[in-house]
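The chain contents come next:
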2 protein chains.
Amino acid sequence: MADKVTIADVARAAGVSRQTVSNALNTPEVVREETRRRVLDVVEELGYRVNQAARQMRTGRSRLIAARIDPEQDGINGSVGDRFLHGLTETAAREGYRVLLYTADGDDAETAAFDDLLGAYEPDAFVLMATHHGDRRTTWLAERGVPFVTFGRAWSDPAAPHCWVDVDGAAGTEAATRHLLSQGHRRIGFLGWPKGSGVGDDRREGWRRALAEVGLGVAGLHRETEDDVVPGEHAARDLLDRDPEITALVCASDSLALGALHVARAPGPAWLAGGHPHRPVAVVGFDDTPVARAIGLTSVRQPLAEVASSCLRLLTHRLDGGAGAPPEYLLLPPSLVVRASG
Amino acid sequence: MADKVTIADVARAAGVSRQTVSNALNTPEVVREETRRRVLDVVEELGYRVNQAARQMRTGRSRLIAARIDPEQDGINGSVGDRFLHGLTETAAREGYRVLLYTADGDDAETAAFDDLLGAYEPDAFVLMATHHGDRRTTWLAERGVPFVTFGRAWSDPAAPHCWVDVDGAAGTEAATRHLLSQGHRRIGFLGWPKGSGVGDDRREGWRRALAEVGLGVAGLHRETEDDVVPGEHAARDLLDRDPEITALVCASDSLALGALHVARAPGPAWLAGGHPHRPVAVVGFDDTPVARAIGLTSVRQPLAEVASSCLRLLTHRLDGGAGAPPEYLLLPPSLVVRASG
DNA sequence: TTCCCTAACTTGAACGATCAAATCATGCAT
DNA sequence: ATGCATGATTTGATCGTTCAAGTTAGGGAA
């Protein structure tokens, strides 16, 4: 608190001008080697750190990256966002950026938040999660020329003008289905979300593909429902009741998978309420949430740390130099974490 | 992006000076009613928003609050931090602040992060989580006069010079124990963490108190172990094996409780690996994590949203006025969420 | 009338950095 | 010797606010 070291203090102590100090730090190549070293020594000695606010005024760059923190919906899938945020914070710090949080409930509230943030704090970029068809957020940002990346591909536009990083959900469910096939299962159902969501359709597609590869069809083998435990339980029960030959289920999320497990399990311990005895059915979830780990649910794991660091790298690359570079798209492979459930 | 409206633009359009615009916004009482209205109209019309960086340069206040995001340890208890962060972000926005994230691994890394942040971004305050005995972070901040609040009381200092907000853990385990007593259980064990941790000792104390109230002792009824599922399972098995009369367990965390459930449950479904058949035992966890919800575990719930908003309120009150006010301590009551496990 | 006070508003400076232009050697070709 | 490009450094201006001091007009009280 006591001492606030400014660039002028350093300049005085090093016997050079402010600008030379600035250059020694930001454009070392224009400063004579010996001077540079002397300046850096003084910087070290006095514990000088650049004042972001002052720098921002002049350069217009805040070195802040804004990201949304979700109101944790069912708490199960919510953990994905948190792991991602943590990864983002870590990589950002390494690249000299900081993560600024905001919340918003719905696309329009979020664009309003963009507006507020840009007016006041001027973050250099935004990182968006959970993109969807007709995402108004991306168009809003693009129209105003604000840099951003999304975790989630541009579902509506295969040649989107912005960068995105995503996980190949179809590859995940395909691997899950193959795994079940390799275990001898032949009739493998799918529990997913209503059609029209990019993510959901993608995950269903992987399952379909794996079955098609071995000459199996998918008629009557899938159900679509809201992404929560109870709906998942109902859908699973319905599916299993109508087709007694189903022995395994691939699910679009751990929430749905948990619902399915309530149905699929053997008689069941007293502390797991609801659901009547049923035949054993293998279940695979998606996201490898803490809940999956806790209850031994096989699940598709997204490499969230890599997604986060990739997002940041794409951003900083464009921010710190290649502003006009063409957008890059990155599709990362998930991995299957096999546990007792299937 | 195109138009950046400054206070000078507003001044020109309203036919007043910059300072009057500033006053109309920040010190309305010194501006004539009519002028004020005119200025605010123009502000609205042009969409003027104060530039934080510029304001910060002059006032030294950034309106940023820094908070740590944890590297999610076992993922079960991690969710507590995320819910707290979300609450913080929401309340902060309402009070005109933003949350800036950082990560750190251990007290010393965290004080280093303080130093970095203070040098560059100058956050107005810090919010710390998970205080413990001999917390070096609080002394570091206090020595430098940096404002902060902690979620977690000052374990080592009953008259700490800083504000804190905490949840009454003892009251939580006490309520849990009473609940079990009311269900007819008489021998109720406790699974906790090694002595010396403020939080852990506090939670054990509530259990002890509830038993003492009805004249029961605690000899041989508790185990201390690392906070994770497998250690919890071992400790629970040990405890239950040695004392066949125990019919219920109160746990210091949902992780431990999950381990206990692995032991306590009836034969158990195929997908829950490990653990042999055992007598049914009621189990209560702590934190009401998503995992508890998912598996029907009775658990003590911390009012995290209130903790977060209280933390922020204490902070902003001191930042925006009463700087010298004596520290306030807030102990909030938790609540018991009863589910199938006990 | 003169003086002072207050309310309402304006002006100049400053926060700490960087940009753009200026200065000043130094070396090299003409 | 003159001119000119190059390298190393300095100087002045500026980003958008708010603080502190200054100005102006309009009342009263003496």
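Residues numbered from 1 in each chain as written. Chains lettered and ligands numbered in written order. Predicted model: local features only at pLDDT ≥ 70, side-chain atom pairs only at ≥ 80, totals over all residues. Heavy atoms only, no water.

A. Structural view of the protein's contact with DNA strand C. Looking at DNA strand C, there are 26 residues lining it, with Ile 7, Gln 19 and Ser 22 of chain A together with Thr 20 and Thr 35 of chain B nearest. The sugar-phosphate share of atoms of DNA strand C within 4 Å of the protein amounts to 53%. In this structure, Asn 26 of chain A approaches DNA strand C through a side-chain N or O atom, which is 2.7 Å from a phosphate oxygen. Contacts to DNA strand C include Tyr 48 of chain A, whose side-chain N or O atom sits 2.9 Å from a phosphate oxygen. Counting only elements with at least two residues in the surface near DNA strand C, the list comes to helix H2 (18-26) and helix H4 (52-59) of chain A together with helix H2 (18-26) and helix H4 (52-59) of chain B. Broken down by element, the surface near DNA strand C gets its largest block of residues, five residues, from H4 of chain A. In the surface near DNA strand C, the residues fall into eight nonpolar, 10 polar and eight charged. (Near = heavy atom within 4 Å. Polar contact = N/O pair within 3.5 Å; in protein donor to acceptor, adjacent residues only side chain to side chain. Helix = DSSP H or I, 4+ residues; strand = E, 2+ residues; numbered from the N terminus. Nonpolar A, V, L, I, M, F, W, Y, C, P; charged D, E, K, R; others polar.)

B. Local environment of the relation of the copies chain B and chain A. You can overlay chain B on chain A at an RMSD of 0.1 Å; the transform is a turn of 180 degrees with a shift of 0.0 Å along its axis. Accordingly, the operation relating the two chain copies is best matched by a two-fold axis. Of all interface residues in chain B, 100% are interface residues in chain A too; the two copies therefore contact each other through one and the same surface. (Least-squares fit on C-alpha atoms with pLDDT ≥ 70 in both. Contact = heavy atoms within 4.5 Å.)

C. Here's a closer look at the side chain of Asp 254 of chain B. Residues and elements named next belong to chain B. Relative to the helices and strands, Asp 254 resides in helix H11 (residues 254-264). Despite its burial, Asp 254 pairs with no opposite charge, the nearest such side chain being Arg 339 at 6.6 Å. Here the side chain of Asp 254 touches Phe 286 through a polar contact of 2.8 Å, landing on its backbone nitrogen. Engagement of the side chain of Asp 254 in a polar contact is seen with the side chain of Ser 299, the distance being 2.8 Å. (Buried < 20%, exposed > 50% of the residue type's maximum accessible area, 1.4 Å probe, protein only. Lys, Arg positive; Asp, Glu negative; His and termini not counted. Salt bridge = Lys/Arg side-chain N within 4 Å of Asp/Glu carboxyl O.)

D. Representation of the domain arrangement of chain A in the model. Residue and element names in this part refer to chain A. With domains assigned, chain A is organised as domain 1 (7-50), domain 2 (64-167 + 304-331) and domain 3 (169-301). Computed from C-alpha coordinates alone, the two centres of domain 2 and domain 3 are separated by 30 Å. Listed as interface residues are 10 residues of domain 2 and, on the opposing side, 19 residues of domain 3. When the two sides are added together, the surface that domain 2 and domain 3 hide from each other amounts to roughly 1,000 Å², 50% of it contributed by carbon and sulfur. Summed over the shared surface of domain 2 and domain 3, the result is one salt bridge. For Asp 202, the salt bridge identified is with Arg 153, shortest N-O distance 3.2 Å. Run the count over domain 2 and domain 3 and you get four residue pairs in polar contact (both at pLDDT 80 or more). For the side of domain 2 that touches domain 3, the leading source of residues is helix H5 (residues 78-94), giving three residues. Partitioning the side of domain 2 that touches domain 3 into residue classes produces four nonpolar, three polar and three charged. (Domains from an automatic or database assignment. Buried area = accessible area lost by both parts, 1.4 Å probe.)

E. Structural detail: the nonpolar core. Grouped together as the largest cluster of nonpolar side chains are 78 residues, with contacts concentrated most on Leu 249 of chain A together with Leu 249 of chain B. With residues up to four places along the chain from it excluded, the contact list for Leu 249 of chain A reads Leu 180, Gly 189, Phe 190, Ala 236, Leu 239, Leu 240, Ala 260, Val 281, Ala 282, Val 283 and Val 284 of chain A. Leu 314 of chain A together with Leu 88, Ala 125 and Leu 319 of chain B belong to the second largest nonpolar core, which has 56 residues in total. (Core = buried A, V, L, I, M, F, W, Y, C linked by side-chain atoms within 4.5 Å.)

F. Looking closely at helix H3 (residues 33-46) of chain B. Residue and element names in this part refer to chain B. Over its 14 residues, H3 extends 20 Å from the first C-alpha to the last, a length consistent with the 20 Å expected when each residue adds 1.5 Å. Within the span of H3, buried status applies to Thr 35, Val 39, Val 42 and Val 43. The buried residues of H3 occupy an angular sector of 105 degrees when the element is viewed end-on, so they sit on one face. Opposite the packed face of H3, turned more than 90 degrees from it, sit the exposed residues Asp 41, Glu 44 and Glu 45. Of the surrounding secondary structure, the elements contacted by the buried residues of H3 are helix H1 (7-14) and H2. (Expected span 1.5 Å × (residues − 1). Arc of directions from axis to C-beta.)

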